[in-house]
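# Descriptive structure summary
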There are 2 protein chains.
Amino acid sequence: MPSADVIREAVARYLKAVADGTAGDIAACYAEDATLEDPVGSEPRRGRAAIREFYAAIETSRRHTELIALRVAAGSAAFHFLVRTELPDQTIDVAPIDVMTFDEDGRITSMRAFWNPDDMAVRRHGQDG
Amino acid sequence: MPSADVIREAVARYLKAVADGTAGDIAACYAEDATLEDPVGSEPRRGRAAIREFYAAIETSRRHTELIALRVAAGSAAFHFLVRTELPDQTIDVAPIDVMTFDEDGRITSMRAFWNPDDMAVRRHGQDG
């Protein structure tokens, strides 16, 4: 079972990759045969290729992430965090609670994201001129 | 699958019972054959009698609960909340992230609490005289 420190580092690495990385960088935070269920209730994706494809959708936008609260228990973590996505005409904030399990090396073996579309806050940008 | 509103009400009812209720009141928030894993990694308890026994430990102390963040997805919820327990000589704060699933009537069918002893904040009370 990975230590609490390994898990805390793994969560920080994941949030940094979601903010700054390519889809490949984010997928590299996952174990080869990991599962991803985002949002909870959707069909889980399995394996790094499917996970990379999931993150490809956000790859081209400017993003910012912020950890709000993290709880670690027995090789797993639950954490509340903000993802801000900057699009040309709007800024989208969503702050899910994710639950993850990890392998010995701190790679994510499963991820489940609790949120629903009502949790999204969209700010349309003012128009100049 | 219970609606988001049913789940939000169920979480509010649970937090009120944890603050003000007897162990029986809290156990009544659970389905008859529910499971409880608190903290995550401990042996899960199953059934309302075992769940009632779990909460009997806190029944006699003064408690306060506060919802910090709640995310609902597909018949389940993840939420961050504070439990403050007032003992004669100290106040103990712990703010777990809980994950719950619910039946059609909003009764909890499973509960997993993510926290570890490092997350507890203990304030010893000053002594008078």
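Structure: above.
Quick look at the structure, then.

Calculation criteria
Residues numbered from 1 in each chain as written. Chains lettered and ligands numbered in written order. Predicted model: local features only at pLDDT ≥ 70, side-chain atom pairs only at ≥ 80, totals over all residues. Heavy atoms only, no water. Helix = DSSP H or I, 4+ residues; strand = E, 2+ residues; numbered from the N terminus. Least-squares fit on C-alpha atoms with pLDDT ≥ 70 in both. Contact = heavy atoms within 4.5 Å. Buried area = accessible area lost by both parts, 1.4 Å probe. Salt bridge = Lys/Arg side-chain N within 4 Å of Asp/Glu carboxyl O.

### Remarks on unusual backbone geometry
Omega for the bond connecting A:Asp38 with A:Pro39 falls within 30 degrees of zero, at 0°, which places this linkage in the cis form. One non-glycine residue with positive phi stands out, namely B:Ala74, at about 50°. Structurally, B:Ala74 can be placed in the loop between strand 3 (62-73) and strand 4 (76-86).

### Looking at the relation of the copies chain B and chain A
In screw terms, the move from chain B to chain A is a rotation of 180° and a rise of 0.0 Å along the axis, fitting with an RMSD of 0.0 Å. The superposition of one copy onto the other is thereby described by a two-fold rotation axis. Among all residues of chain B, the minimum C-alpha distance to the rotation axis is found for B:His80, at 4.0 Å. In this assembly the copies share their binding face: 100% of the residues contributing to the interface of chain B also contribute to that of chain A.

### Side note on the interface of chain B and chain A
Counting residues at the interface gives 20 residues for chain B and 20 residues for chain A. Taking both sides of the interface into account, the surface hidden between chain B and chain A amounts to around 1700 Å²; carbon and sulfur atoms contribute 64%. In terms of surface lost to chain A, no three residues of chain B exceed B:Arg71, B:Ile97 and B:Phe114, which account for 37% of the buried area on that side. Remark: the boundary between chain B and chain A carries two salt bridges.

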